[in-house]
Amino acid sequence: MRESKGSMRGVVWRGPGRIDIRSLRLGAQDLLADARYLGPPGDRTQLRVALPRAVAPGEVISLHIEFRNVLPPVFARSGYQEDFLAATQWFPKLARLRPEGYWASYPYHALGEFDADFADYELSLRVPSDWHVAASAEAKTQGSIENMPGGVSTLRFSTPRALDLAFFAWRRGGPTRLDREGVALVLHTPRGYGAMGAAYRPLARGSLDFFSKHYGAYPYPSLQLALPPAGAEGAAAMEYPGLVALSTQRWPLPGFLLYGRYVLVHEIAHQWFYALVASDEVSSPVLDEGLSEWIALDFLNHFSLEEGARRPQAPFDLFTLTQRFAFSGGSPVRPSHWPAYAYRSTRDYARAVYAKPALLLETIARTWGRERLRRALGNYARAHRFQHATLEELYASFDREYGEGFAGRFLRPALEEGAHAETRLFLRTSSSAGQGDALHLERRGSLPLPLEVDCVDAAGARRRLTWPASRSVLSIPLRGMRAVVVDPEGRNLLDPERGDDRWFATEAQRGKTTFVALLRSILQSLLSLWLL
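These numbers come from a predicted model, not from an experiment. (Residues numbered from 1 in each chain as written. Predicted model: local features only at pLDDT ≥ 70, side-chain atom pairs only at ≥ 80, totals over all residues. Heavy atoms only, no water.)

A. Structural view of the environment of W338. Inspection of the secondary structure assignment puts W338 in the loop between α4 (318–326) and α5 (346–368). Given the relative accessible area of 28%, W338 is considered partly exposed. C-alpha of W338 to C-alpha of V282: the two residues are 56 residues apart in sequence and 9.1 Å apart in space. (Helix = DSSP H or I, 4+ residues; strand = E, 2+ residues; numbered from the N terminus. Buried < 20%, exposed > 50% of the residue type's maximum accessible area, 1.4 Å probe, protein only.)

Shown next as structure tokens:
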């Protein structure tokens, strides 16, 4: 894949794969001879086929395609690694006919996948009997053919109203049933990886229940969790309807389990924002990645494994790590509504499409209430269940919840224009008799976010002021003041530089605060690079 430049998500390209279409028949007529490739020069991932006549409204036709798939060494979501294979994007996929009357067809980009339509899938596989398969649903029937060396199993799968069909296979792998109540949870692993079941079980069940409560019932009878082996990282951390690929972690080691939990919950979140509420994953990836990122981090920050326990899943605020990742490096965050292929690097893509939307939504949650935001997203998800949604429809859902024009003031500028909510503090020394020094608080970002300011006097008494969104500057007299802190509750996550949001009267206080902030910044930077 040219856009990857030979490396993607830390995996180096080791060889090509391809789909060879041998025939495409409508009845007895083979249409392949008149087919032509679309797209940029050299792209052979899009094929246009002319039908002999127009298809009438409501008419059904049957196309029969014979093709051969040659999987690459695992890379860009698909391929094989020793005794493991990931069959994803493995069959010729019909482009989606848009309501406007044109076909949404794209090359196979390194970032982003396709704009698929909902369909009912039936899959029949014949595999060696010592191979185990996980697909988008549990196997419906299984039979054996013993007249071949080692035996061959026939597996059949059925997936209704799905955007895609994928499957994973392991030689001598196996399933572990994690939960038998409600939605069936099944973990599929290579041999020797079963220890991850106990670590993932409560989190998988908890996230399914949490997302179903807030964003609509999970639509399938089971959720299959597939764990690729070490060396197959190119197939890890991906989502498909009713099937998610986890990280390649073999043991539940504390230092690495947070990343594994994050991947698990983020990919399960995609069962709502991707599999249930579809969108154009190429031209508008923020609708599935950005929304899934926020609901996953929201869950991880607030969910507790033990009933009644107060300790959240994450030992620190994951949104603070996300903020550090998004605004690190000095370069501005690109607009979040761009097509996936428009970003220069995977890092730019992650900052704009994952991190910035999650920070925007979390800022809204902390400012106007978490349950209110969950309700806005839940109403959006339920209104577009098994449909394709757009950014405009997301904006309309927020306007219904927060009032007309809310999306125009907050969501659209933040996602489409890169707007933020930065504040700065300036000390103004007065030369006039009887006039003391004053601290001027100034808004530098264009998002009209209401803020709070804590003023601490010499005796330690704290007074909280409101900084209305309508005021660009706030002036605070400093006579008798020991400290001033903007946004003391940390609600504003859209300020690229939080270090200049506080003032202290003495050098000792400033030095201590600067040292602690530096240590925190270093730790958060290291953790954000590892986690994200």
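B. Region of the structure containing the nonpolar core. Core analysis: the biggest nonpolar cluster contains 128 residues, and F211, W294 and F398 have the highest contact counts within it. Considering every element that reaches this core, the biggest residue donor is α5, with eleven residues. (Core = buried A, V, L, I, M, F, W, Y, C linked by side-chain atoms within 4.5 Å.)

C. How the structure looks around the pattern of salt bridges. Applying the stated rule across the entire model yields 29 salt bridges. Taking the shortest distance from any N to any O, the salt bridge between E452 and R491 comes out at 2.8 Å. One end of the pair, E452, is in strand β26 (residues 451–457); the other, R491, is in the loop between β29 (481–486) and β30 (502–504), and 39 residues separate them in sequence. Residue R464 is joined to E489 by a salt bridge in which the shortest nitrogen-to-oxygen separation is 3.1 Å. (Salt bridge = Lys/Arg side-chain N within 4 Å of Asp/Glu carboxyl O.)

D. Layout of the environment of E3. With respect to the helices, strands and loops of the structure, E3 is situated in the segment before β1 (7–8). Setting aside chain neighbours within four positions, we find E3 in contact with H109, A110, L111 and Y341. (Contact = heavy atoms within 4.5 Å.)

E. Structural context of the sheet that holds β29. Sheet architecture is open: four strands sit in the order β27-β26-β29-β30, paired in antiparallel fashion. On the outer flanks of this sheet lie β27 (462–467) and β30, each paired with one strand and no other. On average, each strand axis in the sheet is tilted by 15° relative to the strand beside it, whichever way the strands run. With three bridges joining them, β29 and β30 adopt antiparallel strand pairing. (Pairing = 2+ DSSP bridges. Axes fitted to C-alpha atoms, helices over the stretch in contact; angles between N-to-C directions.)

F. How the structure looks around the environment of A33. You can see A33 is positioned in the loop between β4 (29–30) and β5 (36–37). Residues A33 and V49, 16 residues apart in the sequence, show an inter-C-alpha distance of 9.1 Å.

G. Layout of the packing of aromatic side chains. Evaluated as defined, the whole model comprises 29 aromatic pairs. Each ring, one from Y349 and one from Y354, has its centre 6.0 Å from the other, and the planes form 75°; the classification is edge-to-face. Ring geometry for Y402 against F406: centres 4.4 Å apart, planes inclined by 15°, an arrangement best described as stacked. Judged on exposure class, the residue Y402 and its partner F406 are both buried. Every member of this aromatic cluster is reached through a ring pair, and the members are F210, F211, Y215, Y218, Y220, W272, F273, F299 and Y380. Sitting over the ring of F386, R161 keeps its end group 3.8 Å from the ring centre. We note R443 situated over the ring of W467; from NZ or CZ to the ring centre the distance is 4.6 Å. (Phe/Tyr/Trp six-rings, centres within 6.5 Å; stacked < 30°, edge-to-face > 60°. Lys NZ or Arg CZ within 6 Å of the ring centre and 35° of its normal.)

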